[in-house]
Structures are given as C-alpha cells and as structure tokens.
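One-letter residues, chain by chain:
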Amino acid sequence: MSLDYSLSLLSGIFLLQPLISFGLVPSSSQSMTRHPAGALGYGLTGGLMILGLGSSAWLLHQLLLEPLRLKFMELPVLLLAMWVWQRLIGRIFSRFRPIIDCLPLYFLNLAVLGSGLLLIHSAPDGIAQALLRCTGMALGYILSTILMAFFRERAEPKTTSRPLQGWPAFLLAGSLFWLGWQAIASLFKG
Amino acid sequence: MRLPSESKQQLFIKNLWPENALLYSGAGIFLAVAGTQSWDQAFFLGSVCLGLIIANSLASHLCGDLLRYRIPLWALSLGTAIMLAAVDAAFAHKIARLPEHTRTVMYLLAACPAVFSRARSFSHGTSTGRALFDSAGQGTGILMVMLLVSLFRELLGTGKMAGSQLFILPPWPLASSVFGGMVLTALAIMLFRMIGRNRP
C-alpha cells in the first residue's frame, strides 16, 4: 500500500508536472525564471495554487460533476475555483511579499489549470492517492522552476548570441530537464 | 505597436510575420510545444485558437462600440470556456481520434493570453474591419507556426508528412515527445530572430 502512495507522489513530481512533462508553459514563466530570487516566489505561488486547485478540482469532479453528469461544466467550474484559490492564498499569505507579488500572474494560469485537468483525467484510485499525486505535481513545479532559474542564471549570460536568449534558452533548458526527469522516472516506471 | 495610419491589410500582415504573437512575444507558446504532436492536432487546435481570437475581438469591439464598455478579463475567459465546451461537444469524435491530452490542451485556451490579448488591447477602441483583420492576422500567425512545427515533428518523430508515410523508420523518434516540441519551437524562434535581424 505504501508503495502505491510513494509511486503516486513520485509520478506527480516527475511524470505529471505540467511545466516540463507536458510542456504547458505559461507566458510569464520565461521572465520569472531568469533569476533564482524571482523564481522562488513564482514557484512557491504556483505550487500552492496547483495544490489548492488540483485537490479541489479532483474533489469537485468526483463528488459533484461526475455524479450529477455535469462534465460539460468542468472548465467554467475550474476557472471559478482558480479565482477562489487565488483570493484565498492572497488572504492567507498577505504578509509574505514574494508570494503576494507573484499572485497576479496566477489569475489565469495555464500550468495551474492544466494540473487540475491532468489530475482529473489521470484518475487515481482514491482520495489519498489523488492528493499525493497533486502534492507531487506542486513539488515538481516548484523544483523545476527553481532549478531552471539556477541553470539559466549560470548558462544564459555566457551565450552572447541574441537569438538564443529568452524563450529559446528557456525551451532548450526545459528540454534538458525533460530528459533528466524521464531518466529519473524510468527508475520507478513500470 | 499599432498605428492609426496602418490599413487593415497591413495589420493582418504585421500580425502574421514581423510581429507574430508566438515567435515575437511567446504568447501561446504552449500550443507550439504541447499541441503539435501531429499535423491534425496542430490544425485542430490552431483553428480553435483562431476562432476564439476572432470571436473575443469582435465581442470586445461590439461592447466598446455600442455600449462604451470594456469587457473584463474574467468575463472573456468565462465566455471562452463556454465556447470551448460547445466545441468539445460538437467535435467529440474528432478529438477522440487526435493524440492524447488534446482535449486538455484545448481547454487551456481559456487561460491563454494570446486568445485575449487583441480583444483587451486593441479591438475595443477601433473599427470592425480593423478589429477583424488584426485578430485574424494574430490567429493565422499562430496557426501557421503550429503547422510548421508539427510538420517537422511528425516527419522526424514518426516518418510521416501530413498523414502520409515518407520514411519507413522515423529519423528522430524523440521529436514526437515534449522534448521535440521544446527543441523545435526554440529553433523556430531562433530562425525568426535571425531572419528579422537580416531584414533591411
């Protein structure tokens, strides 16, 4: 049983997190991962939003939308839940500046919305596994964002060619991280 | 930057190539990375994106013109979500034949800045023709890049080109994964910048 739980957490971190594993890249992620200091607040805020929206999306889907056959309402309900979680996190962390500063970037964020949708469609067996998978996705997102910022801070200033800076550097770094994540995932997959 | 002196055609061309939303500013970049696994998927998602950009721009223009009211972002997003639910219901069989997670990527258009940017920044304060051509240029530009990336991804990853088999063995199977999406999108942006730099 504990093996199933561990696998849920690990698959959340390395196989199901939206940014690297699925390429669900929000427009803000490129500018926010230039420096580790900015990426820390951005990643933490995103992680909290993924945890909140992912868990509530799964519960809403299993307890409300699926039994009442309201699956066509899935997207508007998730958008509403994202807005609620953004307000809630703003209230809870009102004194924590790194999170408050990054919160407007998560008003409509496709990595967060994508996590909720992926969690619903990956459909784990029970609530404990769903929550662990969601926690894994949030941890994976935080880890990817911060590691990407460290990588870019070291590698990008050395590339003098302008065409490589910005998005290309972000995407090429992301592709290397994808390879790394897949290599780690192959240790426990199957 | 849009000037009042620019004609409708100039707006269309500007959004299509020199200021292509995806290559120039990275708006909707996830579509090129996650939505170009096959030519069919890219065409479907790009067309939906084009339709949404035009619909949002025209709605924003009509509200601005008739009611002197600027539609808030949350209302545009909610309207987009409803339109996407309708598209999902109408094309359920088609979506089922497309690569895995196509529905998820399509749903994410409700949170994609590229879908709302023209409606929010330009369409509400201009003429119907200019709003239409400007939004059509942006949507077509995104669709064009998606088709280009998907063509190479499919060719390298599966050996097919627009559905027909060209190579018996795929030259680079990794191209059909997210890795290939990221690398080929990065190459497309680099190429766009290099061509732009050499332009007189």
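Criteria and thresholds
Residues numbered from 1 in each chain as written. Chains lettered and ligands numbered in written order. Predicted model: local features only at pLDDT ≥ 70, side-chain atom pairs only at ≥ 80, totals over all residues. Heavy atoms only, no water. Helix = DSSP H or I, 4+ residues; strand = E, 2+ residues; numbered from the N terminus. Buried < 20%, exposed > 50% of the residue type's maximum accessible area, 1.4 Å probe, protein only. Contact = heavy atoms within 4.5 Å. Areas by Shrake-Rupley, 256 points an atom, 1.4 Å probe, with all protein chains shown as cover. Lys, Arg positive; Asp, Glu negative; His and termini not counted. Charge placed at Lys NZ, Arg CZ, Asp CG, Glu CD. pLDDT = per-residue confidence, 0-100. Buried area = accessible area lost by both parts, 1.4 Å probe. Salt bridge = Lys/Arg side-chain N within 4 Å of Asp/Glu carboxyl O. Polar contact = N/O pair within 3.5 Å; in protein donor to acceptor, adjacent residues only side chain to side chain. Nonpolar A, V, L, I, M, F, W, Y, C, P; charged D, E, K, R; others polar. Core = buried A, V, L, I, M, F, W, Y, C linked by side-chain atoms within 4.5 Å. Patch = residues over 30% accessible without salt bridge, like charges linked within 9 Å, V, L, I, M, F, W, Y side chains within 5 Å. Axes fitted to C-alpha atoms, helices over the stretch in contact; angles between N-to-C directions. Left-handed = near helix turned anticlockwise from the far one by under 90°. Parallel < 35°, antiparallel > 145°, perpendicular 65-115°, else oblique.

Undergrad: Describe the overall build of chain A, and please don't skip the residues or the numbers.
TA: Scanning chain A for helices and strands turns up nine helices and zero strands. When the helices and strands of chain A are read in sequence order from the N terminus, they spell out α-α-α-α-α-α-α-α-α. Considering only C-alpha atoms, chain A reaches an extent of 55 × 40 × 30 Å along its principal axes. Expressed as a percentage of the 190 residues in chain A, the buried residues total 53%. Contacts in chain A between residues at least 24 apart in sequence constitute 78% of all its contacts with a sequence separation of at least 6. For chain A, the exposed surface amounts to about 8,600 Å²; the carbon and sulfur share of it is 68%. On chain A, the mean spot of the 13 positive side-chain charges and the mean spot of the 7 negative ones are 9 Å from each other.

Undergrad: Could you give me a rundown of the confidence of the model for chain B, with the residues and numbers involved?
TA: For any part of a model where pLDDT is low, the fine detail of the predicted coordinates should not be relied upon. Residues and elements named next belong to chain B. With 98% of its residues at a pLDDT of 70 or more, chain B has an overall mean of 91. Element-level mean pLDDT values for chain B span from 84 in strand S2 (residues 164-165) up to 96 in helix H3 (residues 29-34). In the model output, the complex is listed with pTM 0.94 alongside ipTM 0.93.

Undergrad: Hey, could you go over the interface of chain B and chain A for me, with residue numbers and the actual values?
TA: Taken together, the contact pairs 37 residues of chain B with 34 residues of chain A. When residues of chain B are sorted by the area they lose upon contact with chain A, Tyr107, Met182 and Arg193 of chain B head the list and together hold 21% of the total. Taken together, chain B and chain A are joined by zero salt bridges. Where chain B meets chain A, there are four residue pairs in polar contact (both at pLDDT 80 or more). For the side of chain B that touches chain A, the secondary structure elements donating two or more residues are H3, helix H5 (73-90), helix H7 (102-107), helix H8 (113-121) and helix H10 (178-198) of chain B. The dominant element in the side of chain B that touches chain A, judged by the number of residues it contributes, is H10 of chain B, at eleven residues. Residue composition of the side of chain B that touches chain A, grouped by class: 27 nonpolar, eight polar and two charged.

Undergrad: Describe the nonpolar core, listing the residues and the values that go with them.
TA: Ranked by size, the top nonpolar core spans 101 residues in total, and within it Leu113 and Leu171 of chain A together with Phe30, Leu84, Met106, Leu109 and Ile142 of chain B carry the most contacts. Of the residues forming this core, the biggest block, nine residues, is contributed by H10 of chain B. With near-sequence residues (within four places) excluded, Leu113 of chain A lies in contact with Leu53, Leu75, Leu78, Leu79 and Met82 of chain A together with Tyr107, Leu108 and Ala111 of chain B.

Undergrad: Give a description of the pattern of salt bridges that names residues and reports values.
TA: If you walk through the whole model with that rule in mind, you get five salt bridges over all chains. The partner of Asp101 of chain A in a salt bridge is Arg97 of chain A, with the nearest N and O atoms 2.8 Å apart. With Asp101 of chain A and Arg97 of chain A both in helix H6 (residues 97-102) and four residues apart, the pair spans about one turn of that helix. Asp101 of chain A gets classed as partly exposed once you look at its relative accessible area, which sits at 47%. The salt bridge partner of Asp88 of chain B is Arg103 of chain B, with a shortest N-O separation of 2.9 Å.

Undergrad: Give me the lowdown on a nonpolar patch on the surface, citing residues and values where you can.
TA: Residue and element names in this part refer to chain A. Together, Leu59, Leu63, Leu64, Leu68, Ile127 and Leu131 line one region of the surface with nonpolar side chains, adding up to about 530 Å² of accessible area. When contributions to the nonpolar patch are tallied by element, the ones reaching two or more residues are helix H4 (36-65) and helix H8 (127-155). In terms of residue count, H4 provides more of the nonpolar patch than any other element does, three residues in total. With respect to the secondary-structure elements, Ile127 resides in helix H8.

Undergrad: Please provide a residue-by-residue account of the packing of H4 of chain A against helix H7 (residues 110-122) of chain A, values included.
TA: Residue and element names in this part refer to chain A. Their axes nearest at 8 Å, the elements H4 and H7 cross at an angle of 35°. Between H4 and H7 lies a crossing whose hand is right-handed. Facing Gly46, Met49, Ile50, Leu53, Gly54, Ser55, Ala57, Trp58 and His61 of H4, the residues of H7 in contact are Val112, Leu113, Ser115, Gly116, Leu119 and Ile120. When grouped by side-chain class, the residues that make up the contact of H4 with H7 number nine nonpolar, six polar and no charged.

Undergrad: Tell me what's going on with the packing of helix H5 (residues 74-92) of chain A against H5 of chain B, and back it up with residues and numbers.
TA: Packing of H5 of chain A against H5 of chain B brings their axes to within 8 Å, and their N-to-C directions diverge by 155°. Relative to H5 of chain B, the element H5 of chain A is oriented roughly antiparallel. As for the relative orientation of H5 of chain A and H5 of chain B, their crossing is right-handed in sense. Here Leu75, Pro76 and Leu79 of chain A of H5 of chain A come into contact with H5 of chain B, specifically with Ser77, Leu78, Ala81 and Leu84 of chain B. The residue inventory of the contact of H5 of chain A with H5 of chain B, partitioned by class, reads six nonpolar, one polar and no charged.

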